[in-house]
Amino acid sequence: MLGCVTEPRTRRRVHPAWFAAGATFLALIGAAAFRSTPGVMVEPLHAEFGWSIGTVSGAIAVNLALFGLTAPFAAALMERFGVRQVVSVALVMVAVGAGLTVFMTASWQLVLLWGVIVGLGTGSMAMALVATVVGRWFVARRGLVSGVLTAANATGQLIFLPVLAHVIEGSGWRAASITVSAAALVVVPIVWFLLRNRPSDVGELPYGGTEADIVEPLRSGAAKLALGTLATAAHNRTFWLLVLGFFICGATTNGLVQSHFIPAAHDHGMPATTAASLLALVGIFDIAGTIFSGWLTDRFDPRILLLAYYTLRGVSLALLVPLFGADVNASMFAFIIFYGLDWVATVPPTLALCRSAFGQRAPIVFGWVFASHQLGAAAAALAAGLVRDALGSYDLAWYGGAVLCGVAAVASIAIRRTPTPTQAPTPTQPAPR
């Protein structure tokens, strides 16, 4: 008697694009580790060395500015030498810069190590890395993956802010610097083995794409490619509106809240560890907000999303000042939750607008747009520190940030609609080799 013969079931294989995305996520967490540090180290450095808040804020400003200005050149270097090579070197730079801060004795050393070396390293793993990986490896799910990778910065903040605050409280800021250095080094082998440069390196097509979606390398010198792309983009009105909006985005997140929320809360009697925990909560809700923003970007007009994000951010900043106090109240929790959801929710729609307007060069164009984000962050970090030194309070800085958000909302809705190609459907079978 013959038994029933069943067809063997084909096991679906995980597309290597997801491994590339996972390695990128971890690299961005490594970069975020040091970028979480400035807010919790302002007071310890001020107490040990007697440096003014403005002096420490100046080093933060250099870090933020280089973090942004490096991005377009890093994107061009990735075209020239490969993604994993650039990211691995960048992680080592972060580890070296963070580790050597334990030996510093003068403020110029703070600027060199914390500002320049770490700024260049983290800048090489900025949002231009997100744009490069998403543009090469994904056709389907681009908005969602952009949101997930953008959330890596928040995840790093979530993991490291409370840890660093407790390390500083128990063992001092030098132990925190060593912790950051070690975290960056741990990520290097993961990136080297999992982050391939292009789908063709493993005989694959982009996820959800066809041969027509393969992005060929731009063969040119990194500086020439980055500057040439800037010269071309500068003639496009959309570019300047995105630059203005992202300048304000950086000013009101990394520059103002991430750099000065903890010392501002400390001014009102709140312990630094409590304030750091609140800022870490921003990271929790930022993960959800950014991923949801990526999902929305796949479905709705990115300009409308940016209008809503900037408007609501401005309202929350305008309401912040009365919420500070020695104890954490429900209204402060509401601010943290809302601001977290809105923190970098702006990235997926901004990246989508870059892709629709600039095509193949979108990662490098986005690198320049992101540079404006960090220049805004640097300007706000320095300005807020000077305001605190001059007036003894951060109040004017918070209200100024609220006004700027209104300007960003207007700039976003003023962007002209650009037709975008129909998104490829989600694949039901693995892409052919």
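Residues numbered from 1 in each chain as written. Predicted model: local features only at pLDDT ≥ 70, side-chain atom pairs only at ≥ 80, totals over all residues. Heavy atoms only, no water.

**Quick notes on the packing of helix 11 (residues 272-297) against helix 14 (residues 347-358)**
Stated formally: For helices, the axis comes from a line fit to the C-alpha atoms of the stretch in contact; other axes are also lines fit to C-alpha atoms, and the angle between any two N-to-C directions lies between 0 and 180 degrees. Secondary structure follows DSSP: runs of H or I at least 4 residues long count as helices, runs of E at least 2 residues long count as strands, and numbering of each begins at the N terminus. Any two residues having at least one pair of non-hydrogen atoms within 4.5 Å are treated as being in contact. Amino acid classes used here: Ala, Val, Leu, Ile, Met, Phe, Trp, Tyr, Cys and Pro are nonpolar; Asp, Glu, Lys and Arg are charged; the rest, including Gly, are polar.
Look at helix 11 against helix 14: their axes get within 8 Å of each other, and the N-to-C directions meet at 35 degrees. Here T290, S293, G294 and T297 of helix 11 come into contact with helix 14, specifically with P348, P349 and A352. Here the residues of the contact of helix 11 with helix 14 sort into three nonpolar, four polar and no charged.

**Some details on helix 8 (residues 173-194)**
So the rule is basically this: By this rule, a helix spans an expected 1.5 Å times one less than how many residues it contains. Burial status follows relative accessibility: with a 1.4 Å probe on protein chains alone, a residue under 20% of its type maximum counts as buried, one over 50% as exposed, and anything between as partly exposed.
End to end, helix 8 covers 33 Å across 22 residues, agreeing with the expected 32 Å (1.5 Å per residue, within 8%). Inspection of helix 8 places W173, A176, S177, V180, S181, A183, A184, V187, V188 and V191 among the buried residues, and these make up the whole buried set.

**Structural notes on the nonpolar core**
Going by this rule: Here, the term nonpolar core denotes a set of buried Ala, Val, Leu, Ile, Met, Phe, Trp, Tyr and Cys residues that are joined through side-chain atoms within 4.5 Å.
Judged by nonpolar contacts, the single largest core of 132 residues is most densely connected at V40, L45, V87, M125, F261, M332 and W398. The contact partners of V40, leaving out residues within four places of it in the chain, are L161, L164, A165, I168, I262 and A276.

**Some points on the packing of aromatic side chains**
Worth spelling out the cut-off: Each Phe, Tyr or Trp ring (for Trp, its six-membered ring) is paired with any other whose centre lies within 6.5 Å, and the angle between the two planes then decides the class: stacked below 30 degrees, edge-to-face above 60, tilted in between.
Per the counting criterion, the structure on display carries 10 aromatic pairs. Aromatic pair W18 and F138: ring centres 5.0 Å apart, planes at 70 degrees, arrangement edge-to-face. Pair noted here: W18 is in helix 1 (residues 16-35) and F138 is in the loop between helix 6 (127-137) and helix 7 (142-171), with a separation of 120 residues, a long-range link. Centre to centre, the rings of F324 and W398 are 6.0 Å apart; their planes meet at 35 degrees, and the pair counts as tilted. One end of the pair, F324, is in the loop between helix 12 (302-318) and helix 13 (330-342); the other, W398, is in helix 16 (residues 395-413), and 74 residues separate them in sequence. Of the two residues examined, F324 and W398, each falls in the buried class.

**As for the side chain of T350**
Counting through the fold element by element, T350 comes out in helix 14. In contact with T350, other than residues within four places in its own chain, are L242, F246, L306, F366 and V369.

**Observations regarding the confidence of the model for the chain**
Test applied: As a per-residue measure, pLDDT tells how confident the predictor is, with possible values from 0 to 100.
The predicted model of the chain has a mean per-residue pLDDT of 80, with 87% of residues at 70 or higher. Taking the mean pLDDT of every element in the chain, the minimum, 76, falls on helix 7 and the maximum, 92, on helix 16. Predicted confidence for residues 1-10 stays below pLDDT 50, and this span has zero contacts to residues more than four positions away or in other chains. Between residues 420-433, whose pLDDT stays under 50, and residues either more than four places distant or in other chains, the model counts 30 contacts.

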